[in-house]
Amino acid sequence: MAATDTTPDFDSLTVGDVVAERTVELSRDSLVRYAGASGDFNPIHYRDDVATSVGLPGVIAHGMLTMGLAVQPVVDWSGDPALVEDYQVRFTRPVVVDPAEGATVTVTAKIGQLDAEARVARVDLTTTFGGETVLGKSQVRVRLT
């Protein structure tokens, strides 16, 4: 696992540092594209009638899509996706994608813990939609130099 020139220096990090922030706009088109790429054609991701029939407020983004867009800022910050050793989340709320307005998801990545011996940073993600957290206990472990 070789670090790149853009890999952050472990020794320059402090717990609480915000290392990445991103806002992502999702549309119904985004969901269709993701469904095609992932093979997940569950109609709750494209049909309001089906989504509401199972108790959802409307069409929702795929959980794995939300999880993937949340970790991407950390991958970009690290400079090498192979440096991500572990990524875990708990799905807490759905991202409802309005047919006209879509959905805006924001991600803030903050250093939560530093393991000097292993040279691993735990990056805590705050992922929100409509002012509410949609991924709980969202943590990425990144091995740095």
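Quantities reported herein were computed from a predicted structural model and do not represent experimental measurements. (Residues numbered from 1 in each chain as written. Predicted model: local features only at pLDDT ≥ 70, side-chain atom pairs only at ≥ 80, totals over all residues. Heavy atoms only, no water.)

### Considering the overall build of the protein
Next, step 1: Counting its regular elements, the protein contains 3 helices and 5 strands.
Next, step 2: Secondary structure elements of the protein occur, N-terminal to C-terminal, as β-α-α-α-β-β-β-β.
Next, step 3: If one aligns the C-alpha atoms of the protein with their principal axes, the spans along those axes are about 50 × 30 × 20 Å.
Next, step 4: Burial statistics for the protein: of 145 residues in total, 39% are counted as buried. (Helix = DSSP H or I, 4+ residues; strand = E, 2+ residues; numbered from the N terminus. Buried < 20%, exposed > 50% of the residue type's maximum accessible area, 1.4 Å probe, protein only.)

### Some thoughts on helix α3 (residues 63–78)
Next, step 1: The terminal C-alpha atoms of α3 lie 23 Å apart, and with 16 residues this matches the ideal 22 Å at 1.5 Å per residue to within 8%.
Next, step 2: Of all the bends in α3, the largest measures some 30° and sits at Val-71, one to four residues before the proline Pro-73.
Next, step 3: Residues Leu-65, Thr-66, Met-67, Leu-69, Ala-70, Val-71, Pro-73, Val-74, Val-75, Trp-77 and Ser-78 constitute the buried set of α3.
Next, step 4: Taken together, the buried residues of α3 touch β1 (18–26), α1 (28–38), β2 (84–91), β3 (103–115), β4 (120–129) and β5 (132–143).
Next, step 5: Following α3 by one or two positions, Gly-79 has its phi on the positive side, about 85°. (Expected span 1.5 Å × (residues − 1). Bend = angle between axes of the 7 residues up to and from the residue. Contact = heavy atoms within 4.5 Å.)

### Side note on the pattern of salt bridges
Next, step 1: Going through the model one piece at a time under the given rule, you end up with 7 salt bridges.
Next, step 2: Taking the shortest distance from any N to any O, the salt bridge between Glu-132 and Arg-93 comes out at 2.7 Å. Of this pair, Glu-132 sits in strand β5 while Arg-93 sits in the loop between β2 and β3, and the two are 39 residues apart along the sequence.
Next, step 3: Judged by its relative accessible area of 43%, Arg-93 is partly exposed. (Salt bridge = Lys/Arg side-chain N within 4 Å of Asp/Glu carboxyl O.)

### What to know about the side chain of Arg-122
Next, step 1: Along the chain, Arg-122 turns up in strand β4.
Next, step 2: In terms of polar contacts, Arg-122 uses its side chain to reach the side chain of Asp-124, at 2.7 Å.
Next, step 3: What Arg-122 contacts, discounting residues up to four positions off in sequence, is Lys-110, Ile-111, Gly-112, Gln-113, Gln-139, Val-140 and Arg-141. (Polar contact = N/O pair within 3.5 Å; in protein donor to acceptor, adjacent residues only side chain to side chain.)

### Section: the layout of surface pockets
Once rolled over the atoms, a probe with the size of a water molecule shows which space is left empty.
Next, step 1: Considered as a void within the structure, the largest pocket measures approximately 170 Å³ in volume.
Next, step 2: Along its surface, the largest pocket is lined by Ile-60, Ala-61, His-62, Gly-63, Thr-66, Phe-91, Arg-93, Pro-94, Val-95 and Val-134.
Next, step 3: When the residues that make up the lining of the largest pocket are grouped by side-chain class, the tally is 6 nonpolar, 3 polar and 1 charged. (1 Å grid on protein atoms, 1.4 Å probe; cavity = no way out; pocket = protein on both sides within 12 Å on 5 of 7 lines; lining within 4 Å. Points joined across faces, edges and corners; volume = space filled by probe spheres on them. Nonpolar A, V, L, I, M, F, W, Y, C, P; charged D, E, K, R; others polar.)

### Section: unusual backbone geometry
Next, step 1: Positive phi, normally seen in glycine, also occurs at Arg-119, with a value near 60°.
Next, step 2: Take Arg-119: it is sitting in the loop between β3 and β4.
Next, step 3: In the Ramachandran plot, Lys-137 falls in the positive-phi region, its phi being about 45° despite a non-glycine side chain.
Next, step 4: Taking the relative accessible area as the measure of exposure, Lys-137 reaches 63% and is therefore exposed.

### Concerning the sheet that holds β2
Next, step 1: If you trace the 5 strands from one edge of the open sheet to the other, you get β1-β3-β4-β5-β2, paired in antiparallel fashion. Taken across any chain shown, the strands that pair with only one partner, and hence form the sheet edges, are β1 and β2. Sheet twist, expressed as the average angle between the axes of neighbouring strands with direction ignored, equals 20°. (Pairing = 2+ DSSP bridges. Axes fitted to C-alpha atoms, helices over the stretch in contact; angles between N-to-C directions.)

### Quick notes on the pairing of β4
Next, step 1: Summarising burial for β4: 7 of the 10 residues are buried, a large majority.
Next, step 2: Two strands pair when backbone bridges link them, and β4 and β5 are joined in this way by 8 bridges, in the antiparallel orientation. The residue bridging Ala-121 from the neighbouring strand is Val-142, located in β5.
Next, step 3: In textbook terms, the turn of a hairpin is the stretch between consecutive antiparallel strands, and for β4 and β5 this stretch comprises 2 residues, one of which, Gly-130, has a positive phi near 60°.

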